[in-house]
Amino acid sequence: MGFNLLLCKEAIDEGLRTLTSGIQSPLKPLIEDALFGGQRFRPLLMLALTYDLAPEKNEKEFLKTIPLSLPLEIIHNAALILDDLPCMDNAHRRRNRPPLHQKYGEMKAILAAFSLVGFSMEWIAKLSIDGGLKEKFISILGKAIGPDQMSSGQCLDLTLPPEKLTLSDVRGIYHQKTGVLFEAAVLMACHYRQVDSGLRKKLVCWAERFGFLYQLRDDDIDQKEEVHGINAHRLFEKRVMEDIRKKEKKALRDFFNDEKDGAGSIHFPSLCHFITLL
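Presented here is an overview of the structure given in this document. The model shown is predicted, which means the values in this text are computed figures rather than measured ones.

**Considering the packing of helix α1 (residues 5-21) against helix α5 (residues 66-83)**
In a packed pair of helices, the relevant descriptors are the angle between the two axes and the axis-to-axis distance.
Item 1. Interaxial distance between α1 and α5 falls to 10 Å at its minimum, and their mutual angle equals 75°. Accordingly, the angle class assigned to the pair α1 and α5 is roughly perpendicular. Taking contact as the criterion, the partners of A11, I12, G15, L16 and L19 in α1 are, on α5, I66, S69, L70, E73 and I74.
Item 2. A per-class count over the contact of α1 with α5 returns seven nonpolar, two polar and one charged.

**What about helix α13 (residues 238-255)?**
Item 1. For α13, built from 18 residues, the straight-helix expectation of 26 Å at 1.5 Å per residue is met to within 8% by its first-to-last C-alpha distance of 26 Å.
Item 2. Every buried residue of α13 is listed here: M241, I244, R245, E248, L252 and F255. The arc that holds every buried residue of α13, seen down its axis, measures 95°, which confines them to one face. Exposed residues lying more than 90 degrees from the buried face of α13 are R239, K246 and K247.
Item 3. Contacts made by the buried residues of α13 are with α10 (167-192), α11 (197-222) and α12 (232-235).

**Re the environment of I75**
Item 1. The residue I75 is located in helix α5 in this model.
Item 2. For I75, the contacting residues outside a window of four places in its chain are S120, M121, L141, I145 and L181.

**Brief notes about the nonpolar core**
Item 1. In this structure, L49, L116, L203 and W206 are the most contacted members of the largest nonpolar core, which totals 84 residues.
Item 2. Broken down by element, the residue count for this core peaks at 12 residues, all from α10.
Item 3. Excluding residues within four positions of it along the chain, L116 makes contact with I31, A34, L35, I74, N77, A78 and I81.

Cut-offs applied
- Residues numbered from 1 in each chain as written.
- Predicted model: local features only at pLDDT ≥ 70, side-chain atom pairs only at ≥ 80, totals over all residues.
- Heavy atoms only, no water.
- Axes fitted to C-alpha atoms, helices over the stretch in contact; angles between N-to-C directions.
- Helix = DSSP H or I, 4+ residues; strand = E, 2+ residues; numbered from the N terminus.
- Parallel < 35°, antiparallel > 145°, perpendicular 65-115°, else oblique.
- Contact = heavy atoms within 4.5 Å.
- Nonpolar A, V, L, I, M, F, W, Y, C, P; charged D, E, K, R; others polar.
- Expected span 1.5 Å × (residues − 1).
- Buried < 20%, exposed > 50% of the residue type's maximum accessible area, 1.4 Å probe, protein only.
- Arc of directions from axis to C-beta.
- Core = buried A, V, L, I, M, F, W, Y, C linked by side-chain atoms within 4.5 Å.

So yeah, pure geometry; function would need other evidence.
Dropping the structure here:
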């Protein structure tokens, strides 16, 4: 069959449309607005790894994993709504559209973000999977958005003086605010496929590095925008940033060729493709 990125993205879009169709709340227009138009990186990463870990499974079995990935996209978009607020990044555009708070008002935007987090947990509870796996997914996502991860990273991003930050500091903040949701995607795939703890830890390290590189790419795109928060491309010289990105990409690729400390004998062609998107 092979992993088809485009078909999986279309399936995620269709899954989200089906999920939101039954919402009766006055917040429904905001939720629909927030969920549609994204690249779907996080759920696609989970699906790619899920496929690579068991490529012998048939298409019908693989398609059953698509609903498992939707909470990642729902939570990601909840975070974006909050990130865009004037008290945070103060963004003026999101996916070439005005952010939700400009279109609908801050009060409704905050309530929509809050609703999406609850919506993601409700969906996990409805999934047709083993109860222990549901608990694991809720634990993984709850930790990712909790006080020590995404919330902490966003707080540090907006409160620490950028001029005093080292590259190591920036990497730590980026891990909390961005990397943890990529790690959650990897962890969910690993637990679904019952991967042993050794390989699971290695894949989580790969996801942390991937998240860092992904945020650097975003910084490069956003460096001309007048938004709050840290931007590595404004803090460090262009030459330094280019060197960092080259080294990070090489490390991501090397993982798949390292039989001892990397992927071992398992092939990850679908996951490896994501490096080219950065």
